[in-house]
Amino acid sequence: MKTIYGIQYLRAAAALAVVFFHAAEKTGHHFTIGAAGVDVFFVISGFIMWVISDRRPVTPLEFIRDRARRIVPVYWLATAVMVAGALAGLFPNLVLSLEHVLASLFFVPARSPSSGEIWPVLVQGWTLNFEMLFYLVFAGSLVLPRNWRLPAMSGLFLALVIVGRVATFDSALMLTYTRPIILEFVAGMIIAEFWLKGRVPPLAVGSALMACSLGGFALIGLLALPFDELTTGPLAVLLVLGVLSLEANGCLRRVPLPALIGDASYSIYLWHTFAISVVAKVALEIDLGAPATMFMAVLSGTLIGVAAYMMLERPLMRRGNAGRVAGGLAGRAAE
């Protein structure tokens with residue numbers, strides 16, 4: 001599939017926004033709006049899944065298997081590092097329970113015994129609980145005729161959000177899967193359908209949409225306004241639409257560094273907090289100073305993610321792809 005560079009660069013920007021958010025938390029700075037990188041990720045996820053499934057039809061089982069190969073091994077490894085660190089006393093505030101560890105490994109929303117929040121052992125893994133819900137629903141939709149898939153998924157997610165608005169739950173599962181944030185996947189799929197049909201905003205409109213989106217994010221950040229997915233979700237949608245307009249009008253080309261960060265965005269997202277925590281602790285001991293600590297935290301968080309991508313994620317993906325090709329060849333040989 002031809003690379004859509006705008007999407008790659010948005011993945012890079014979203015990952016770096018989250019890195020800045022966590023680095024700021026650890027160094028006494030303010031960049032709460034960086035958490036909105038998650039909203040951009042969810043819109044992008046909906047877009048990518050819809051485009052991929054259109055260009056390379058797969059069965060539900062193949063889809064889930066491909067997603068599991070992409071998501072699970074590295075996440076389980078990062079979670080194992082957290083568990084090992086807690087057992088070794090490196091994370092004194094992390095309380096472990098077998099039930100919570102298993103729920104974390106299998107993407108089941110559960111309350112953390114450390115905080116009572118609906119977080120897995122690796123806290124940033126909370127977003128993967130939403131991703132896995134989306135993947136399961138998407139896989140199920142593949143049994144439907146193509147024209148029914150988007151309405152069916154949109155209807156289901158909208159119904160879940162409505163239920164969450166009219167009912168009260170104590171269940172971590174229902175509190176998670178009735179949040180309006182799941183509609184960002186739907187928005188991404190709708191954008192993808194327009195993209196596949198060549199119906200993209202003209203350059204002037206796309207540029208205006210990007211300006212509105214970035215202006216909205218900046219306003220929230222500069223004024224320290226409260227925000228949630230009801231505000232940042234639409235801004236993320238406008239940003240994706242604007243970038244795709246630039247892409248369609250030939251304004252974007254491959255730039256190696258942001259393309260690499262985009263490729264490594266998943267590993268950056270999973271691993272950056274380890275490096276940030278180490279930098280923050282060392283900086284406190286040597287009295288490095290807040291600005292320098294912030295810079296080193298962002299740099300180290302990004303570099304550890306890129307290193308993890310090159311040494312762990314990419315080799316695992318290649319091994320999985322090689323196995324899939326070998327299996328396909330063996331199947332054709334048996335025929």
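Definitions and cut-offs
- Residues numbered from 1 in each chain as written.
- Predicted model: local features only at pLDDT ≥ 70, side-chain atom pairs only at ≥ 80, totals over all residues.
- Heavy atoms only, no water.
- Helix = DSSP H or I, 4+ residues; strand = E, 2+ residues; numbered from the N terminus.
- Rg over C-alpha atoms; globule rule 2.2 N^0.38 Å.
- Buried < 20%, exposed > 50% of the residue type's maximum accessible area, 1.4 Å probe, protein only.
- Contact = heavy atoms within 4.5 Å.
- Areas by Shrake-Rupley, 256 points an atom, 1.4 Å probe, with all protein chains shown as cover.
- Lys, Arg positive; Asp, Glu negative; His and termini not counted.
- Charge placed at Lys NZ, Arg CZ, Asp CG, Glu CD.
- Core = buried A, V, L, I, M, F, W, Y, C linked by side-chain atoms within 4.5 Å.
- 1 Å grid on protein atoms, 1.4 Å probe; cavity = no way out; pocket = protein on both sides within 12 Å on 5 of 7 lines; lining within 4 Å.
- Points joined across faces, edges and corners; volume = space filled by probe spheres on them.
- Expected span 1.5 Å × (residues − 1).
- Bend = angle between axes of the 7 residues up to and from the residue.
- Salt bridge = Lys/Arg side-chain N within 4 Å of Asp/Glu carboxyl O.
- UniProt positions renumbered as here; feature names shortened; annotations may be inferred.
- Phe/Tyr/Trp six-rings, centres within 6.5 Å; stacked < 30°, edge-to-face > 60°.
- Nonpolar A, V, L, I, M, F, W, Y, C, P; charged D, E, K, R; others polar.
- Axes fitted to C-alpha atoms, helices over the stretch in contact; angles between N-to-C directions.
- Parallel < 35°, antiparallel > 145°, perpendicular 65-115°, else oblique.
- Left-handed = near helix turned anticlockwise from the far one by under 90°.

Named according to an unreviewed UniProt entry, the protein chain is Exopolysaccharide production protein ExoZ originating from Sinorhizobium medicae.

Student: Summarise the overall build of the protein chain; cite the residues concerned and give the values.
Tutor: A count of helices and strands for the protein chain gives 13 helices and 0 strands. Walking the protein chain from its N terminus toward its C terminus, one meets helices and strands in the order α-α-α-α-α-α-α-α-α-α-α-α-α. Relative to the globule expectation of 20 Å for 335 residues, the C-alpha radius of gyration of the protein chain, 20 Å, shows essentially globular dimensions. The burial tally for the protein chain puts 48% of its 335 residues in the buried class. Long-range pairs, those at least 24 residues apart, make up 76% of the contacts in the protein chain with a sequence separation of at least 6. Accessible surface computed for the protein chain: about 16,400 Å², of which carbon and sulfur atoms make up 69%. Distance between charge centroids for the protein chain: 10 Å, based on 24 positive and 19 negative side chains.

Student: Explain the nonpolar core residue by residue, including any values.
Tutor: Within soluble globular proteins, side chains that are nonpolar tend to cluster in buried spots. The biggest cluster of nonpolar side chains holds 91 residues, and the ones touching the most others in it are Phe-47, Phe-138 and Leu-270. Of the residues forming this core, the biggest block, 10 residues, is contributed by helix H2 (residues 37-55). Aside from chain neighbours lying at most four places away, what touches Phe-47 is Ile-4, Ile-7, Gly-188, Met-189, Ile-191, Ala-192, Trp-195 and Leu-244.

Student: Outline the layout of surface pockets, supporting the account with residue identities and numerical values.
Tutor: By volume, the second largest pocket is sized at about 1,400 Å³. Taken together, 46 residues line the second largest pocket, and the ones lying closest to its centre are Arg-11, Ile-48, Ile-52, Arg-67 and Arg-70. Broken down by secondary-structure element, the contributors of at least two residues to the lining of the second largest pocket are helix H1 (5-27), H2, helix H3 (60-87), helix H5 (126-141), helix H11 (256-263), helix H12 (265-286) and helix H13 (290-334). Top element by residues in the lining of the second largest pocket is H2. It accounts for 11 residues.

Student: Tell me about H12, residues and numbers included.
Tutor: In this model H12 runs 31 Å from its N-terminal to its C-terminal C-alpha over 22 residues, within 8% of the 32 Å that 1.5 Å per residue would give. The sharpest bend along H12 comes to roughly 45°, located at Trp-271.

Student: Which residues make up the pattern of salt bridges, and what values go with them?
Tutor: For the structure on display, the rule yields 7 salt bridges. In this structure, the salt-bridge partner of Arg-146 is Asp-54, at a minimum N-O distance of 2.9 Å. With Arg-146 in helix H6 (residues 146-166) and Asp-54 in helix H2, this pair connects stretches of sequence that are 92 residues apart. A residue is classified by how much of its surface remains accessible, and Arg-146, at 29% relative accessible area, is partly exposed. Each of Asp-54, Arg-146, Glu-193 and Lys-197 takes part in a single network of salt bridges with overlapping partners.

Student: Tell me about the UniProt feature "domain: Acyltransferase" (unreviewed entry) in the protein chain, residues and numbers included.
Tutor: Under the local residue numbering, the UniProt record ascribes the feature "domain: Acyltransferase" (unreviewed entry) to residues 4-307. As a span, residues 4-307 carries 74% helix and 0% strand, and end to end its C-alpha atoms are 23 Å apart.

Student: Kindly report on the packing of aromatic side chains, identifying the contributing residues and their values.
Tutor: Per the counting criterion, the structure on display carries 17 aromatic pairs. Ring plane angle 10° and centroid distance 4.6 Å describe the contact between Phe-134 and Phe-185, whose orientation is recorded as stacked. Within this pair, whereas Phe-134 is found in helix H5, its partner Phe-185 is found in helix H8 (residues 183-196), the two being separated by 51 residues in sequence. Taking relative accessible area as the criterion, Phe-134 reaches 0% and is therefore assigned buried. Feature note: the residues Phe-42, Trp-50, Phe-63, Trp-126, Phe-130, Phe-134, Tyr-135, Phe-138, Tyr-177 and Phe-185 constitute an aromatic cluster, connected by ring pairs.

Student: So, empty space enclosed by the protein: which residues are in play, and what are the values?
Tutor: Evaluated as defined, the whole model comprises 1 cavity of 30 Å³ or more. By volume, the largest cavity amounts to about 40 Å³. Secondary structure elements with two or more residues in the lining of the largest cavity: H8 and helix H10 (229-248). Sorting elements by how many residues they give to the lining of the largest cavity places H8 first, with 3 residues. Residues belonging to the lining of the largest cavity are distributed by class as follows: 7 nonpolar, no polar and 1 charged.

Student: If you had to explain the packing of H8 against H10 to someone new, which residues and values would you point to?
Tutor: Running from N to C, H8 and H10 cross one another at 20°; their axes reach a closest spacing of 10 Å. In terms of axis orientation, H8 runs roughly parallel to H10. In this structure, H8 meets H10 at a crossing whose hand is right-handed. In contact with Glu-184, Ala-187, Ile-191 and Trp-195 of H8, H10 contributes Glu-229, Gly-233, Val-237, Val-240, Leu-241, Leu-244, Glu-247 and Ala-248. Of the residues contributing to the contact of H8 with H10, the split by class is 8 nonpolar, 1 polar and 3 charged.

Student: So, H1: which residues are in play, and what are the values?
Tutor: With 23 residues, H1 extends 32 Å between its outermost C-alpha atoms, agreeing within 8% with the 33 Å of an ideal straight helix rising 1.5 Å per residue. The buried fraction of H1 amounts to 17 of the 23 residues, a majority that puts the element mostly inside the structure. Following H1 by one or two positions, Gly-28 has its phi on the positive side, about 80°.

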